[in-house]
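Structural features, examined
Here is how the chains run, residue by residue.
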Amino acid sequence: MPTSYETGVYEFTVLETQTTLDQHELMSSVTPTTGNMIYLPTQTSQSSNLREIEELSQEFLDILTNRATSYEAGVHEFTVLEKQAILYQHNELRSSVTPTAGNMRYLTWDETLASHAGDWATQCNWWHETINGEGQNLWLGGSKPNAVQPVQAWYYNEVDNYKFELNTCYENKVCGHYFQVTWAKASKVGCVQAFCPEVTKKNDTHFWTSQNAWIFNCHYDVGVYKRIRPYIEDEPCAVCSEDYRKCMTGKLCRKPSQ
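For the structure given in this document, a descriptive report is provided here.

So, how was this worked out
Residues numbered from 1 in each chain as written. Predicted model: local features only at pLDDT ≥ 70, side-chain atom pairs only at ≥ 80, totals over all residues. Heavy atoms only, no water. Helix = DSSP H or I, 4+ residues; strand = E, 2+ residues; numbered from the N terminus. Buried < 20%, exposed > 50% of the residue type's maximum accessible area, 1.4 Å probe, protein only. Contact = heavy atoms within 4.5 Å. Areas by Shrake-Rupley, 256 points an atom, 1.4 Å probe, with all protein chains shown as cover. Patch = residues over 30% accessible without salt bridge, like charges linked within 9 Å, V, L, I, M, F, W, Y side chains within 5 Å. Salt bridge = Lys/Arg side-chain N within 4 Å of Asp/Glu carboxyl O. Lys, Arg positive; Asp, Glu negative; His and termini not counted. Charge placed at Lys NZ, Arg CZ, Asp CG, Glu CD. Phe/Tyr/Trp six-rings, centres within 6.5 Å; stacked < 30°, edge-to-face > 60°. Axes fitted to C-alpha atoms, helices over the stretch in contact; angles between N-to-C directions. Parallel < 35°, antiparallel > 145°, perpendicular 65-115°, else oblique. Left-handed = near helix turned anticlockwise from the far one by under 90°. Nonpolar A, V, L, I, M, F, W, Y, C, P; charged D, E, K, R; others polar. Pairing = 2+ DSSP bridges. Disulfide = S-S within 2.5 Å. Core = buried A, V, L, I, M, F, W, Y, C linked by side-chain atoms within 4.5 Å.

On to the overall build of the protein. When its secondary structure is counted, the protein shows six helices and 10 strands. Looking at the protein residue by residue over its 258 residues, the buried ones come to 39%. Within the protein, counting contacts between residues at least 6 apart in sequence, those at least 24 apart form 68% of the total. Summed over its atoms, the accessible surface of the protein is roughly 15,700 Å², and 52% of this surface lies on carbon and sulfur atoms.

Below, the structure written as structure tokens:
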């Protein structure tokens, strides 16, 4: 029996407190995703005086009101694992299209494309703009997304808006982001996430701004051309081009050297 233990509270160390918070961050990875999950701050034993409690309360208020005071403006670098997750999600979605694709290429990461994406994202403009024929997908949100959330949104929010047989979006529907994710001739992608204290938006008639938002921007080596379908309908890898003749995972065309 643990006779050496005394009855009462055993205080957590700072490390144990942080570990508890880190585990609560699993709430941000729930499936399906949610837009109203609230961050859990903690009041440690070191926050015993009134000033520290007030600061903690202010931090929580900033989060609730989307002031995001702890974020620095600009690009927030992806980790190696986050880049791998972005690639995996793209390739998984590209390999699952219906009808199946005979010429869908396997995507690899490209730092030059990521740099171009960062150049645009840090301008905090909410409209499409690319160079050298690159493709682009944009995502905007009030909270920092996980590495795959925008990619999933581009696909799942629009896949039912596109009619493959007619090569068209349904009336008053958007499908351009889905088109770019599933554009068969694209073989490289580079993405960034950037925090913007102020974002400029525009439509056909005017400009306006919003505060404290995240932009997730991916650039692709090939942009879409909507007059043709995003891929050729056929058995997977049935019509891979000669330079992409290696069949990856039985569904995606890849260069033999990759």
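Here we come to a negative patch on the surface. Taken together, the side chains of E165, E233, D234 and E235 define an acidic patch exposed on the protein surface. As for its position among the elements, D234 is in the loop between β8 (207–220) and β9 (246–248).

Taken as a whole, this structure holds 14 aromatic pairs when the rule is applied. Aromatic pair Y162 and F164: ring centres 6.3 Å apart, planes at 90 degrees, arrangement edge-to-face. The burial state of Y162 is the same as that of F164; both residues are buried. Considering the side-chain rings of Y162 and F179, the 5.2 Å spacing of their centres and the 90 degrees angle between planes classify their relative orientation as edge-to-face. On the criterion of sequence distance, the pair formed by Y162 in strand β5 (residues 162–163) and F179 in helix α6 (residues 176–181) is long-range, its members being 17 residues apart.

The next thing to look at is unusual backbone geometry. Cis geometry marks the peptide bond from T98 to P99; its omega dihedral reads -5 degrees. The residue P99 is located in the loop between α3 (80–94) and β2 (108–109) in this model. Non-glycine residue N132 carries a positive phi angle of around 55 degrees. Positionally, N132 belongs in the loop between β3 (125–126) and β4 (135–141). In this structure, N167 is a non-glycine residue whose phi angle is positive, near 50 degrees. As for its placement among the helices and strands, N167 is situated in the loop between β5 and β6 (168–169).

With that settled, the discussion passes to the pattern of salt bridges. Enumeration over the complete set of coordinates arrives at two salt bridges. E111 is paired through a salt bridge with K83; the nearest N and O atoms lie 2.7 Å apart. Placement of the pair is E111 in helix α4 (residues 111–121) and K83 in helix α3, with a sequence separation of 28 residues.

Here the focus is the packing of α3 against helix α5 (residues 149–156). Relative to each other, α3 and α5 sit at 15 degrees, their axes nearing to 9 Å. By the angle class used here, α3 and α5 are roughly parallel. Crossing geometry of α3 relative to α5 is assigned as right-handed. Each of I86, Q89, H90 and L93 in α3 lies in contact with α5, whose residues at this interface are V151, Q152, W154, Y155 and Y156. When grouped by side-chain class, the residues that make up the contact of α3 with α5 number six nonpolar, three polar and no charged.

Turning next to the pairing of β4. Within β4, six of the seven residues are buried, which leaves the element mostly enclosed by the surrounding structure. Note that β4 and β8 share seven bridges and pair antiparallel. By the bridge assignment, G141 is partnered in β8 with W214.

For the rest of this paragraph, the subject is α5. Every α-helical turn comprises 3.6 residues, leaving residues that sit three or four positions apart pointing alike. For α5, the set of buried residues is P150, V151, A153, W154 and Y155. Lining the buried residues of α5 we find α3, β4, α6 and β8.

The next point concerns the state of the cysteines. Taken as a whole and judged by the stated rule, the model has five disulfides. Sulfur-sulfur distance for the disulfide between C237 and C247 comes to 2.1 Å. Sign of the S-S torsion, about 85 degrees for the bond between C237 and C247, identifies this disulfide as right-handed. Placement of C237 in the loop between β8 and β9 and of C247 in strand β9 is noted, with a sequence separation of 10 residues between them. When its relative accessible area of 35% is taken as the criterion, C247 is described as partly exposed. At a sulfur-sulfur separation of 1.9 Å, the disulfide partner of C240 is C253.

Another aspect to go through is the nonpolar core. Of all hydrophobic cores here, the largest spans 35 residues; its most connected members are I86, W154, C191 and F216. Listing elements by their share of this core, those giving two or more residues are α3, α5, α6, β7 (188–202) and β8. W127, L138, C196 and I215 belong to the second largest nonpolar core, which has 12 residues in total.

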